[in-house]
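# Understanding the architecture of this molecule
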Amino acid sequence: MPRLDALDEEFGEDADAVLHARRRRIGERLLMLAIVTLGLGAIAAQEEIERLRGELDALKNDVKELTEAQHQAAHTIAAMKAAEEDLRRDVPPPYWYSNPATLDLAIANQPQWAGVAPPPRRPATARSESRGLRKREGAAPASPAASPQ
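Quick caveat: nothing in here was measured; it's all calculated off a predicted structure. (Residues numbered from 1 in each chain as written. Predicted model: local features only at pLDDT ≥ 70, side-chain atom pairs only at ≥ 80, totals over all residues. Heavy atoms only, no water.)

Take the overall build of the protein next. Regarding its fold elements, the protein presents five helices and zero strands. Seen in sequence order, the protein has helices and strands lined up from the N terminus as α-α-α-α-α. Taken across its 149 residues, the protein has 1% of its residues classed as buried. Just so you have it, the protein exposes about 14400 Å², and 61% of that area is on carbon and sulfur atoms. (Helix = DSSP H or I, 4+ residues; strand = E, 2+ residues; numbered from the N terminus. Buried < 20%, exposed > 50% of the residue type's maximum accessible area, 1.4 Å probe, protein only. Areas by Shrake-Rupley, 256 points an atom, 1.4 Å probe, with all protein chains shown as cover.)

This structure, assessed with the given rule, holds six salt bridges. Between Glu 48 and Arg 51 there is a salt bridge, with its nearest N and O atoms 2.4 Å apart. On the criterion of helical spacing, the pair formed by Glu 48 and Arg 51 is a turn pair, its members being three residues apart in helix H2 (residues 15-90). By relative accessible area, which is 36% here, Glu 48 ends up partly exposed. (Salt bridge = Lys/Arg side-chain N within 4 Å of Asp/Glu carboxyl O.)

A grouping of Met 32, Val 36, Leu 40 and Ile 43 is seen on the molecular surface, where their side chains present a nonpolar patch of about 400 Å² in accessible area. Within the fold, Met 32 resides in helix H2. (Patch = residues over 30% accessible without salt bridge, like charges linked within 9 Å, V, L, I, M, F, W, Y side chains within 5 Å.)

Of all residues in the protein, 52% have pLDDT values of 70 or greater, and the mean over the chain is 75. Helix H5 (residues 124-136) is the least confidently modelled element of the protein, averaging 57 in pLDDT, while H2 averages 91, the highest of any element. (pLDDT = per-residue confidence, 0-100.)

So this is what it looks like as structure tokens:
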């Protein structure tokens, strides 16, 4: 079988031209491999982009639902506060120090029973009789703590 180098010599191709052609074919093959790799990478990247878009849409929906729930909660809280204020206005405070009207000195100086007549007083004779009873009993102490046992 004849060698190919002999044919190259016969047709006048030199070794530099053969080496150049071989390098060119290797370069073309590498370029083709790079293009295929980039194409596959682009396809994989497109799939990744689609997956990320799906996740982004799901997150947007979650944020929208949470925002709506937050607005609804804020509305409910505002309604509850308004109802609480209405109740506070309708129900008197349980303690004197919780009542602002009691703590206001201008209101406190006004007579409390302005439209109501004071309770009837005991007649003077009843008072003098009770005093007389104390005097007749002798020197009995007025308080039980001072009484002898």
